[in-house]
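Notes for the structure review
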Amino acid sequence: MIQRSDIIWLGVSAGVTGCLIGGMMLGIGMDLIVNGANVGWVLLLPAGPMGALPGWLLARKLARRV
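Residues numbered from 1 in each chain as written. Predicted model: local features only at pLDDT ≥ 70, side-chain atom pairs only at ≥ 80, totals over all residues. Heavy atoms only, no water.

Digging into the overall build of the protein chain
Put simply, the rule is: Each helix is a run of H or I in the DSSP string that is no shorter than four residues. Each strand is a run of E no shorter than two, and both are numbered from the N terminus. Restricting the calculation to C-alpha atoms gives the radius of gyration, and the globule rule supplies 2.2 Å times the number of residues raised to the power 0.38. When a residue's accessible area, from a 1.4 Å probe over protein chains only, is under 20% of the maximum for its type it is buried; when over 50% it is exposed; and in between it is partly exposed.
Looking only at helices and strands, the protein chain has three helices and zero strands in total. Put simply, the protein chain runs from its N terminus to its C terminus through helices and strands in the order α-α-α. Scaling as 2.2 N^0.38, a compact globule of 66 residues should have a C-alpha radius of gyration of about 11 Å, whereas the protein chain reaches 15 Å, well beyond that. Its C-alpha atoms give the protein chain principal-axis dimensions of about 50 × 15 × 10 Å. By residue count, 20% of the 66 residues in the protein chain fall in the buried class.

Re the confidence of the model for the protein chain
Short version of the rule: pLDDT measures how confident the predictor is about each residue, on a scale from 0 to 100.
Predicted confidence across the protein chain gives a mean pLDDT of 92, with 100% of residues reaching 70 or more. When pLDDT is averaged over each element of the protein chain, helix α2 (residues 40-44) comes out on top at 94 and helix α3 (residues 47-64) at the bottom at 90.

Details of the packing of aromatic side chains
Formally: Ring pairs are drawn from Phe, Tyr and Trp, using the six-membered ring of Trp, whenever the two centres fall within 6.5 Å, and their geometry is named by plane angle: stacked under 30 degrees, edge-to-face over 60, tilted for the rest. By definition here, charges over rings are those cases where NZ of Lys or CZ of Arg is within 6 Å of the ring centre and within 35 degrees of the ring normal.
Going through the model one piece at a time under the given rule, you end up with zero aromatic pairs. Seen from the ring of Trp56, Arg60 lies directly overhead, with NZ or CZ sitting 5.0 Å from the centre.

Some words on α3
Structurally, the α-helix is built with 3.6 residues per turn, so residues lying three or four positions apart point the same way. The condition is simple: Multiply 1.5 Å by the residue count of a helix minus one, and that product is the helix's expected span. We define the bend at each residue as the angle formed by axes fitted to the 7 residues ending at it and the 7 residues starting at it. Residues are treated as being in contact if the distance between any of their heavy atoms lies within 4.5 Å.
The terminal C-alpha atoms of α3 lie 27 Å apart, and with 18 residues this matches the ideal 26 Å at 1.5 Å per residue to within 8%. Roughly 30° is the biggest bend found in α3, and it falls at Leu53, with proline Pro54 one to four residues downstream. Buried within α3 are the following residues: Ala47, Gly51, Pro54, Gly55 and Leu62. Buried residues in α3 make contact with α1 (4-34) and α2.

Quick look at α1
In a regular helix each residue adds 1.5 Å, so 31 residues correspond to 45 Å; α1 covers 44 Å between its end C-alpha atoms and thus fits that length. Buried residues of α1: Leu10, Ala14, Gly18, Gly22, Met25 and Gly29, and no others. Just past α1, the residue Gly36 takes up positive phi, approximately 95°.

Observations concerning the packing of α1 against α3
Our working rule: Every angle, taken between N-to-C directions, lies between 0 and 180 degrees, and every axis is a line fitted to C-alpha atoms, over only the stretch in contact when it is a helix. Note on angle classes: values under 35 degrees are labelled roughly parallel, values over 145 roughly antiparallel, values of 65 to 115 roughly perpendicular, and the remainder oblique. Crossing chirality is assigned from the near helix's rotation relative to the far helix, an anticlockwise turn below a right angle marking it left-handed and a clockwise turn marking it right-handed. Amino acids are sorted into nonpolar (Ala, Val, Leu, Ile, Met, Phe, Trp, Tyr, Cys and Pro), charged (Asp, Glu, Lys and Arg) and polar (every other residue, Gly among them).
Running from amino to carboxyl end, α1 crosses α3 at an angle of 155°, the nearest separation of the two axes being 7 Å. Accordingly, the angle class assigned to the pair α1 and α3 is roughly antiparallel. You can see that α1 and α3 cross each other, and the crossing is right-handed. On α3, the residues touching Asp6, Leu10, Ser13, Ala14, Thr17, Gly18, Ile21, Gly22, Met25 and Leu26 of α1 are Ala47, Met50, Gly51, Pro54, Gly55, Leu58, Ala59 and Leu62. In the contact of α1 with α3, the residues fall into 11 nonpolar, six polar and one charged.

Dropping the structure here:
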């Protein structure tokens, strides 16, 4: 049985890891684009979905316990 604390920790860990991954990709990609390197778009465009990936993986792991 999943408890309320499991859901809270899922949200906290998904938020923190998602912000770290997505924010770093977004920042590095924007820096590269501003400095004239078009390869920065490779990091900038998937930053949002990649930020959601850790939360999705953690939620699947928690749902597997049910």
